[in-house]
Amino acid sequence: MTKASSTVSSETPKDGDRANLSRTFKYLLATQFLSRGIPFIFNSWIVRHLTAEDYAVYAVQFHLFVTCVLFLSREGFRRACMRADIKFDGASAKDNAATLLKVAWMTFPLGVFITIAACVFVFWWQGLHLSDPYAQAILINGCACILELLAEPLYILSQTLFLLKLRLMVETAATFSRCVTMYLLIVNFTNTEKGIAFALSQAAYGASLFLGYWSYFILFRSFRSSNLFPFRLGQVMNFDKQLSSMCMLFTLQSFRKLILQEGEKMVLVWLDTPYNQAVYGLVDKLGSLVVRLVFLPFEESSYATFARSASGQSPDKMKNLGRCLSEALKLVLLIGLIFLAFGPSYSYSLIRLLYGQKWSDGEASAALRYYCLYIIVLAMNGTSEAFLHAVATENQLKRSNDSLLVFSLIYVALNVLLIRSAGAVGLIFANSLNMILRIIYSAVFIKHFFRLFTFRLDDSVVIRCSYTYF
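What counts and how
- Residues numbered from 1 in each chain as written.
- Predicted model: local features only at pLDDT ≥ 70, side-chain atom pairs only at ≥ 80, totals over all residues.
- Heavy atoms only, no water.
- Patch = residues over 30% accessible without salt bridge, like charges linked within 9 Å, V, L, I, M, F, W, Y side chains within 5 Å.
- Areas by Shrake-Rupley, 256 points an atom, 1.4 Å probe, with all protein chains shown as cover.
- Salt bridge = Lys/Arg side-chain N within 4 Å of Asp/Glu carboxyl O.
- Helix = DSSP H or I, 4+ residues; strand = E, 2+ residues; numbered from the N terminus.
- Buried < 20%, exposed > 50% of the residue type's maximum accessible area, 1.4 Å probe, protein only.
- 1 Å grid on protein atoms, 1.4 Å probe; cavity = no way out; pocket = protein on both sides within 12 Å on 5 of 7 lines; lining within 4 Å.
- Points joined across faces, edges and corners; volume = space filled by probe spheres on them.
- Axes fitted to C-alpha atoms, helices over the stretch in contact; angles between N-to-C directions.
- Parallel < 35°, antiparallel > 145°, perpendicular 65-115°, else oblique.
- Contact = heavy atoms within 4.5 Å.
- Expected span 1.5 Å × (residues − 1).
- Bend = angle between axes of the 7 residues up to and from the residue.
- Nonpolar A, V, L, I, M, F, W, Y, C, P; charged D, E, K, R; others polar.
- Left-handed = near helix turned anticlockwise from the far one by under 90°.
- Core = buried A, V, L, I, M, F, W, Y, C linked by side-chain atoms within 4.5 Å.
- Phe/Tyr/Trp six-rings, centres within 6.5 Å; stacked < 30°, edge-to-face > 60°.

This next bit is on a nonpolar patch on the surface. A cluster of nonpolar residues, Val406, Ile410, Leu433, Ile436, Leu437, Ile440 and Val444, forms a patch on the protein surface that exposes about 530 Å² of accessible area. Following the sequence through the fold, Leu433 ends up in helix 16 (residues 394-451). Judged by relative accessible area, Leu433 falls into the partly exposed class, the value being 42%.

Using the criterion set out here, one finds three cavities of 30 Å³ or more in the structure. Considered as a void within the structure, the second largest cavity measures approximately 50 Å³ in volume. Together, Glu385, Leu388, His389, Ser400, Ser403, Leu404, Phe407, Arg438, Tyr441 and Ser442 line the second largest cavity. Among the secondary structure elements, those contributing two or more residues to the lining of the second largest cavity are helix 15 (364-391) and helix 16. With seven residues, the top contributor of residues to the lining of the second largest cavity is helix 16.

As a further point, take the packing of helix 11 (residues 274-287) against helix 12 (residues 289-309). Interhelical geometry of helix 11 versus helix 12 gives an angle of 30 degrees and a closest axis separation of 3 Å. Classified by the angle between their axes, helix 11 and helix 12 sit roughly parallel to one another. Contacts from Asp284, Lys285, Leu286 and Gly287 of helix 11 reach helix 12 at Leu289, Val290, Val291 and Arg292.

Our next topic: the environment of Leu378. As for its position among the elements, Leu378 is in helix 15. The exposure class assigned to Leu378 is buried, which follows from its relative accessible area of 16%. Considering only alpha carbons, one finds Leu378 and Phe295, 83 residues apart in sequence, at a separation of 8.7 Å. Excluding anything up to four places from it in sequence, Leu378 contacts Val291 and Met435.

Between its first and last C-alpha, helix 10 (residues 241-271) extends 43 Å over 31 residues, near the 45 Å set by a 1.5 Å rise per residue. Along helix 10, the sharpest change in direction is near 65 degrees and occurs at Glu262.

So, about the layout of surface pockets. Each pocket or cavity is described by its volume, and for the second largest pocket that value is around 580 Å³. Lining the second largest pocket are 20 residues, with Leu64, Cys68, Phe121, Val122 and Met266 positioned closest to its centre. Listing elements by their share of the lining of the second largest pocket, those giving two or more residues are helix 3 (52-83), helix 5 (107-126), helix 6 (133-160) and helix 10. Of all the elements, helix 5 adds the most residues to the lining of the second largest pocket, at seven residues. Counted by class, the lining of the second largest pocket contains 18 nonpolar, two polar and no charged residues.

Position of Leu331 among the secondary structure elements: in helix 13 (residues 315-355). Residues Leu331 and Ala379, 48 residues apart in the sequence, show an inter-C-alpha distance of 9.7 Å.

On inspection of all chains with the given rule, the structure shows 10 salt bridges. Salt-bridge contacts for Arg256 lead to Asp402; the nearest nitrogen and oxygen are separated by 3.9 Å. Pair noted here: Arg256 is in helix 10 and Asp402 is in helix 16, with a separation of 146 residues, a long-range link. For Arg256, a relative accessible area of 23% gives the class partly exposed. Under the relative-accessibility criterion, Asp402 is labelled partly exposed at 46%. Connected through shared salt-bridge partners, Arg74, Arg78, Glu148 and Glu152 make up one network.

So, on to the packing of helix 3 against helix 11. Between helix 3 and helix 11, the least distance of the axes is 8 Å, while the angle of their chain directions is 55 degrees. Classed by the angle they form, the pair helix 3 and helix 11 counts as oblique. The crossing of helix 3 and helix 11 is left-handed. Every residue of helix 11 that contacts helix 3 at Ala52, Glu53, Tyr55, Ala56, Tyr58, Ala59, Val60 and Gln61 is listed here: Pro274, Tyr275, Gln277, Ala278, Gly281, Leu282 and Lys285. Of the residues belonging to the contact of helix 3 with helix 11, the class tally is 10 nonpolar, three polar and two charged.

Here we take up the environment of Thr99. Take Thr99: it is sitting in helix 4 (residues 93-104). For Thr99, a relative accessible area of 24% puts it in the partly exposed group. In this structure the C-alpha to C-alpha distance between Thr99 and Leu243, which are 144 residues apart in sequence, comes to 9.8 Å.

Ranked by internal contacts, the top residues of the largest apolar core, which has 132 residues, are Ile46, Phe198, Phe217, Trp359 and Phe387. Among the elements that line this core, the one with the most residues is helix 3, at 20 residues. Ignoring any residue separated from it by four or fewer positions in sequence, one finds Ile46 in contact with Tyr58, Met182, Ile186 and Phe198. Formed by five residues, the second largest nonpolar core is a distinct cluster that contains Leu404, Phe407, Tyr411 and Ala430.

Let us look at the packing of aromatic side chains. For any pair of aromatic rings, geometry is given as the distance between the ring centres together with the angle between the planes. This model, assessed by the stated rule, comprises 23 aromatic pairs. Judged by centre distance (6.2 Å) and plane angle (55 degrees), the rings of Trp105 and Trp214 are tilted. Placement of Trp105 in the loop between helix 4 and helix 5 and of Trp214 in helix 8 (residues 194-219) is noted, with a sequence separation of 109 residues between them. Here Trp214 falls in the buried class, since its relative accessible area comes to 15%. For the pair Tyr370 and Phe429, a centre-to-centre distance of 5.3 Å together with 55 degrees between the ring planes defines the contact as tilted. Highlighted residues: Tyr370 in helix 15 and Phe429 in helix 16, separated in sequence by 59 residues. Residue classification places Tyr370 among the partly exposed positions, given a relative accessible area of 38%.

This is the structure in structure tokens:
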């Protein structure tokens, strides 16, 4: 990875604080609480004002389109760039930022290509024409994705600099703008097609992210546009080859992870009715609220902590790495057990209170009960895979990619089989089995990783290294 000496300036924490799990988690939790809590409150209102067919478009179909485009375009770059050992000080900050941004900007052409391909596929699959409101909504969603991708290099830079407050403010403002836009379009412009309203609200979200990140770095961090777009004639190919190679490796992995993450929605859109899509979308948004508010920021902060602690293999760092992993797994297991203990008993009451009798008396209540089981395996998998991706070598990541391909095939087959026999509940079972398989793989990796280092404490620390690896 690219190396540059020194420490981080101004708002960025010192190197010793970078591996501070609690500090990172605090800001990411606040970010998720606001960026997910605001839509949750808004979702409770919108569900009562939409038909099942409209809600299926909003919660499943458009969500799937935007997630597929953005996940494939940027997830690999986010993972790889967070592993990069790039540090900043007053003298070299802009040069080191340029090194990172030259790779991060690759997300944009890749994302534009994926956006165009996704739009063409949807048009072909559903036989759409430009005059169709649904087709226009797909194109608006595509433009919204491109706006987000224009902000992505600066998002990666801000995460590398640990500008956690910036992410908190920008994502909160963007989420609020999306909800306000949708509310105004649905309430005040009743003649607007619902699909168009959903797409325009997503465009407002993307525009807010773009304006937020670019305004901050240009106005408050003394970066010029030439610093943030560091390409010059004759030097376009002058970038960190090792970092870009790692980005491509993670991007290839993201194709398989996308099937594992959104495979059930693909099967829903492909095989099931709009009503069942709406039921699953409702349960997924409600049941995964704890995942987004607690487990997702915890996974991101754990990944950052593991990546920093794994740089170098001194005895103290390896002991600290093992202790961090153990504590992280215990915490997510405890939280998951709490939801497993109390969630099933209150599922019906919660849906009746939030969304009304129309939804509580249907399949949604039963699906939410089983979702409580899924939460605990989802939490364990997120933390264990965060460790694997943070410390694995390139060859180990390639083996992980191969395993994800196998799990993807098993997962899709389970989805197709179970959706026909158990509907939304069957999809939740398929997700749970998939997560258990991935947890087992990560557990085997963790066991072999720490087998390399055996610690014995008496008057001093004695290290015995084993050079065999499966």
